[in-house]
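# Descriptive structure summary
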Amino acid sequence: MRRRYLALWFPFLPADRWRIEQRGMGEDLCPAPCGARPEAVPPLAFVTRVGGALRLAAVDPRAQRLGLVPGLTLADARARRPDLAVADFDPEADRHWLERLARHGLAWTPRVTPVPPDAVVLDIAGSDHLFGGEAALSALVEDTMAERGMSVRLACADTPEGALALARHARGAPADERAALRALPVAALGLDPEATLALRRAGLKTVGDLATRPAASLAARFGAQAVTALRRLLGDEARPIAPLAPPVPLRFERRFAEPIAHERAVAACFRDLLVEAAGALEERGLGGRHFRLTLLRSDGARHRLQIETGAPTRDPALVLRLFDERIGSLADPLDPGFGYDSVVLAIPVAEPLAAAQPALDGQESAAAVLAELIDRLSTRLGPGGLLRLVPQDSHIPERGQQAVPASRLPTPVRWPPPSPGEPPLRPIVLFDPPQPVEVIAEVPDGPPHRFRWRRKLHEVRLYEGPERIAAEWWRRRGGEGPGQGGLTRDYYRIEDARGHRYWLFRHGLYDEKPAPRWYMHGLFA
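Residues numbered from 1 in each chain as written. Predicted model: local features only at pLDDT ≥ 70, side-chain atom pairs only at ≥ 80, totals over all residues. Heavy atoms only, no water.

This part is about the overall build of the protein. Looking only at helices and strands, one finds 14 helices and 19 strands in the protein. Computed over its C-alpha atoms, the radius of gyration of the protein comes to 32 Å, more than 25% above the 24 Å expected for a compact globule of 525 residues. Seen through its C-alpha atoms, the protein measures out along the principal axes to roughly 95 × 80 × 50 Å. Counting only residues that meet the buried cut, the protein has 38% of its 525 residues in that class. Nonlocal contacts in the protein, meaning residues at least 24 apart in sequence, comprise 58% of its contacts between residues at least 6 apart. Summed over all atoms, the accessible surface of the protein reaches about 30,100 Å², with 54% contributed by carbon and sulfur. Averaged over its 70 positive side-chain charges, the protein has a centre that lies 3 Å from the centre of its 66 negative ones. (Helix = DSSP H or I, 4+ residues; strand = E, 2+ residues; numbered from the N terminus. Rg over C-alpha atoms; globule rule 2.2 N^0.38 Å. Buried < 20%, exposed > 50% of the residue type's maximum accessible area, 1.4 Å probe, protein only. Contact = heavy atoms within 4.5 Å. Areas by Shrake-Rupley, 256 points an atom, 1.4 Å probe, with all protein chains shown as cover. Lys, Arg positive; Asp, Glu negative; His and termini not counted. Charge placed at Lys NZ, Arg CZ, Asp CG, Glu CD.)

Spelled out as structure tokens, the structure:
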């Protein structure tokens, strides 16, 4: 069978990945007001330290159109474009993102190979007809990547090297593939910059120029790698590729010659499946996060039970206890009827789990005991019945934390520790929404002198502030309420004459609003 390869080149992978991740965190990626012209959006570049200077490692399309290229120092780039937006270059995150994109390709062919740092090759021989042909498959892949927010260029060829070269250095589908390959620049060979520069200085500017020269003279002058790259590009020499191995699903099953209905027999079978699953997880270095048990009854009915754990585990006893909790919380108990024909255990979600060193006294750590308690309560109350507050990257107080299901939190997140010897900057209790108060101040923009809250007058004895918190400029909508953005807040920590402590803020400056209102946002312990 003639081999055909589809190459996907992501020219702006770091920028696309960064924007998608920021959008997933709830950030508005539009640096200019919505509806602004593309020219109003500042360019974006990723920098890394090379020697003693910061240099551009990758850029977005806007920066590329303005002449900013990788290798340029950050100082020179800022001199050309003072509005340049900068982020840290993260090659490890880009590599993981490329692997995720490659695994998406398994939906079109079982042979997918990531080519770091920015390309993926699909072997589409024997699978393109399932999607209407080579052109239809290419259009489908391009549309899918565009929906995911990825800029991509595609090309098909008889060799993976040829497909990659056409995707990177050619435009459109060529009428004559071999002629198009010969017309490519020598940079399409993928040699190191010094070898490419030597070829150009020798007057060999295209692949066709090299193809007309004797291989022996090319190898003697430019090295054997140049000849090997040329032969692979033109299809004269094949190189095996290492495609991604599709993950084998973690599914374990027991079938019975005769239906079983006794509770002990079902429990023993389930225990054996858990032990078998623990061995398979240990071989892969994984721990299960979701476990799904399916009981297939002889009359065709199915009973499905599912549990989730807050941390990856492969402890059969722990999983068995959680399933007991799940069964005990069912409003309608399981009815085996005339018995079960088979029992299936599936682990749809698994994560890396390293070996742990037990304590010398044999006692479990406090973290393990807490994790087991969270799992049991989440199983009994449901995934949304037990929540945990996690910090968020926002300076707005009400957006500084988020309640998420405790069992679905990948790893416990630690809150920033307070400064030793200093009082807490934020109260324990926050009002949602903040409650309006009536304030009397000595000067209009000064601290409160007394305030009335819930029809009770409070005399201010001590205060600290103001702590000025500006609104998020990309969320400004001009609203009047404290939760609708737009206005600056001045926060004060207040202690009244009775020793009670409050957190008040004035919503707006006097140059922003004629008569800004005051609100009670929290109470200190």
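Within the open sheet, the three strands sit side by side as 3-2-4. Their pairing is mixed. Edge positions in the open sheet fall to strand 3 (53-59) and strand 4 (85-88), since each of these has one partner strand only. Taken over all neighbouring pairs, the strand axes of this sheet differ in orientation by 45 degrees on average, direction set aside. (Pairing = 2+ DSSP bridges. Axes fitted to C-alpha atoms, helices over the stretch in contact; angles between N-to-C directions.)

Glancing now at the sheet that holds strand 6 (residues 119-123). With antiparallel pairing, four strands are arranged side by side in an open sheet as 5-6-1-7. Edge positions in the sheet fall to strand 5 (112-115) and strand 7 (153-157), since each of these pairs with one other strand and no more. The mean inter-strand angle of the sheet, taken between neighbouring strand axes irrespective of direction, is 20 degrees. As judged from the five bridges shared by strand 1 (residues 5-9) and strand 7, these two strands associate in the antiparallel manner. Bridge pairing links Tyr5 to Ala157 in strand 7.

Turning next to the packing of aromatic side chains. Across all of its chains, the model carries 10 aromatic pairs by this definition. Consider the rings of Phe270 and Phe323, whose centres lie 5.0 Å apart with planes at 90 degrees: the pair is edge-to-face. Here Phe270 is found in helix 12 (residues 263-284), whereas its partner Phe323 is found in helix 13 (residues 316-328), with 53 residues between them in sequence. Like Phe270, the residue Phe323 is buried in the burial classification. Plain terms: the ring middles of Tyr492 and Trp518 are 5.9 Å apart, the flat faces sit at 35 degrees to each other, and that makes the pair tilted. Pair noted here: Tyr492 is in strand 17 (residues 489-496) and Trp518 is in strand 19 (residues 517-523), with a separation of 26 residues, a long-range link. When sorted by exposure, Tyr492 lands in the same class as Trp518, which is buried. Feature note: the residues Phe431, Phe451, Trp453 and Tyr502 constitute an aromatic cluster, connected by ring pairs. (Phe/Tyr/Trp six-rings, centres within 6.5 Å; stacked < 30°, edge-to-face > 60°.)

With eight of its 10 residues buried, helix 6 (residues 160-169) lies for the most part within the structure. The elements touched by buried residues of helix 6 are strand 1, strand 5, strand 6, strand 7, helix 7 (177-182) and helix 11 (224-234).

It should be kept in mind that the predicted coordinates are not to be read in detail where pLDDT is low. Here the protein averages 85 in pLDDT, and 90% of its residues register 70 or above. Counting interchain partners and residues more than four positions distant, the pLDDT-below-50 stretch residues 25-38 has 13 contacts. (pLDDT = per-residue confidence, 0-100.)

Here the focus is the environment of Pro259. Following the sequence through the fold, Pro259 ends up in strand 8 (residues 251-260). Distance in space between the C-alpha atoms of Pro259 and Gly486 is 67 Å, their sequence separation being 227 residues. Once residues within four sequence positions are removed from consideration, Pro259 is found in contact with Ser298, Phe338, Gly339, Tyr340 and Asp341.

Once that is clear, we can look at the pattern of salt bridges. Enumeration according to the criterion identifies 30 salt bridges in this entry. Asp118 is the salt-bridge partner of Arg168, the closest N and O atoms lying 3.0 Å from each other. Of this pair, Arg168 sits in helix 6 while Asp118 is found in the loop between strand 5 and strand 6, placing the two residues 50 residues apart along the sequence. On the basis of relative accessibility, which here comes to 27%, the residue Arg168 falls in the partly exposed class. With relative accessibility at 17%, the residue Asp118 sits in the buried group. One salt bridge in this structure joins Glu237 and Arg231, with 3.4 Å as the shortest N-O distance. Residue class for Glu237 comes out partly exposed when judged on its relative accessible area of 27%. (Salt bridge = Lys/Arg side-chain N within 4 Å of Asp/Glu carboxyl O.)

Now for helix 8 (residues 193-201). Buried within helix 8 are the following residues: Ala195, Thr196 and Leu199. The buried residues of helix 8 all sit within an arc of 100 degrees when viewed along its axis, so they share a single face. Among the exposed residues of helix 8, those pointing more than 90 degrees away from its buried face are Pro193, Glu194 and Arg201. Looking at the packing, one finds that the buried side of helix 8 touches helix 9 (207-211) and helix 10 (215-222). Residue Gly203 follows helix 8 closely and has a positive phi angle near 85 degrees. (Arc of directions from axis to C-beta.)

Within the largest apolar cluster, 33 residues are counted, with the highest numbers of intra-cluster contacts made by Leu166, Leu184, Leu189, Leu199 and Leu210. Considering each element in turn, this core owes the most residues, six residues, to helix 11. When sequence neighbours within four positions are dropped, the list of residues in contact with Leu184 reads Ala165, Leu166, His169, Ala170, Lys205, Thr206 and Val207. If you look at the next biggest cluster of nonpolar residues, it comprises 26 residues, including Leu250, Leu281, Leu286 and Leu322. (Core = buried A, V, L, I, M, F, W, Y, C linked by side-chain atoms within 4.5 Å.)

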